[in-house]
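# A look at the structure
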Amino acid sequence: MTIKLGSRAGAAQVGPLMMLGSFVLVAGFLYWLSVAAKPTEIIPTERREALTENVVAFAAFSALPTDHLGDTIGLRDIRLGDAFGNHGRWINLQDANRHGYIVYFSDLVRMDSASFYHEITAGTVVNLSGVVVETTDSVLDAWEAAGSFATEVDRLVAEATHYLNFIDVAHVEPGQVPQPQDGPTN
């Protein structure tokens, strides 16, 4: 019994058509993506000029920080204290009780390769700009989701301090170390 196979010449002629069809299909898909895709919003970081636009004297800020809620401000030559969680630092206001205040460094500032953040330790003097924000439950939930609290105690401290607001830092740079004032020594 012999089996005769038919000619495969017709199958060979389909290859170039399939290749052309796949190119057209890919080109059509790329065109559809370019038309249907939504543009990505790029949020630029604050520029250095922001520090000179709304600079507030630290003594004036310390007197009534709540007067600056919602404002973008710049503070110069601020000595940072100990860490607060994974994203924050304490500063001491210049009021009579030297109340603590949180300076919060967002992920954008922390991950910016041009940022001064990676060199910050307790006692570092910085210039910073950012928005003064009221600490609410939704803010604390967002901080927790971002991994801002190193321990559960950090969340409790932030919740227990009802008057506490914070500065959401958009830009940080090295400050000038205050020189000791000349005067009588004992």
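Described below are features of the structure shown in this document. These numbers were taken from a predicted model, which means no experiment stands behind them.

### Remarks on a nonpolar patch on the surface
- Together, Val26, Phe29, Leu30, Trp32 and Leu33 make up an exposed nonpolar region whose accessible area comes to about 510 Å².
- Note on placement: Trp32 falls in helix H1 (residues 9-36).

### Describing the packing of helix H5 (residues 137-145) against helix H6 (residues 152-160)
- One can describe the packing of H5 onto H6 by two numbers: an axis separation of 11 Å at closest approach and a directional angle of 165°. Considering their axes alone, H5 and H6 lie roughly antiparallel with respect to each other. Crossing of H5 against H6: the hand is right-handed. Here H5 contributes Asp137, Leu140, Asp141 and Glu144 to the contact with H6, which in turn contributes Arg155, Ala158 and Glu159.
- Considered class by class, the residues forming the contact of H5 with H6 number two nonpolar, no polar and five charged.

### Some words on the layout of surface pockets
- Each pocket or cavity is described by its volume, and for the largest pocket that value is around 290 Å³.
- Breaking the lining of the largest pocket down by element, the ones donating at least two residues are strand S1 (72-79) and strand S3 (88-92).
- Here the lining of the largest pocket takes four residues from S1, the largest share from any one element.

### Digging into the pattern of salt bridges
- Under the criterion given, the structure shown has two salt bridges.
- Among the salt bridges present, the one from Arg155 reaches Asp141, with a minimum N-O distance of 2.9 Å. Taken as a pair, Arg155 in helix H6 and Asp141 in helix H5 lie far apart in primary sequence, 14 residues in all.
- Residue classification places Arg155 among the buried positions, given a relative accessible area of 14%.
- Among the ionic pairs, Glu144 bridges to Arg155, the shortest N-O distance being 2.7 Å. Of the two residues, Glu144 is situated in helix H5 and Arg155 in helix H6; the sequence distance between them amounts to eleven residues.
- Residue Glu144 is classed as partly exposed on the basis of its relative accessible area of 47%.

### Focus: the sheet that holds S1
- Pairing is mixed across the open sheet formed by six strands, whose spatial order is S1-S5-S6-S4-S3-S2. The open sheet is flanked by S1 and strand S2 (83-84), the only strands paired with a single partner.
- Here strand S5 (residues 125-134) runs beside strand S6 (residues 165-174); their pairing, made up of nine bridges, is antiparallel. Residue pairing for S6: Leu128 is matched across the bridge by Val172.

Thresholds, definitions, all that
- Residues numbered from 1 in each chain as written.
- Predicted model: local features only at pLDDT ≥ 70, side-chain atom pairs only at ≥ 80, totals over all residues.
- Heavy atoms only, no water.
- Patch = residues over 30% accessible without salt bridge, like charges linked within 9 Å, V, L, I, M, F, W, Y side chains within 5 Å.
- Areas by Shrake-Rupley, 256 points an atom, 1.4 Å probe, with all protein chains shown as cover.
- Salt bridge = Lys/Arg side-chain N within 4 Å of Asp/Glu carboxyl O.
- Helix = DSSP H or I, 4+ residues; strand = E, 2+ residues; numbered from the N terminus.
- Axes fitted to C-alpha atoms, helices over the stretch in contact; angles between N-to-C directions.
- Parallel < 35°, antiparallel > 145°, perpendicular 65-115°, else oblique.
- Left-handed = near helix turned anticlockwise from the far one by under 90°.
- Contact = heavy atoms within 4.5 Å.
- Nonpolar A, V, L, I, M, F, W, Y, C, P; charged D, E, K, R; others polar.
- 1 Å grid on protein atoms, 1.4 Å probe; cavity = no way out; pocket = protein on both sides within 12 Å on 5 of 7 lines; lining within 4 Å.
- Points joined across faces, edges and corners; volume = space filled by probe spheres on them.
- Buried < 20%, exposed > 50% of the residue type's maximum accessible area, 1.4 Å probe, protein only.
- Pairing = 2+ DSSP bridges.

No statement about biological role is implied by the geometric values presented.
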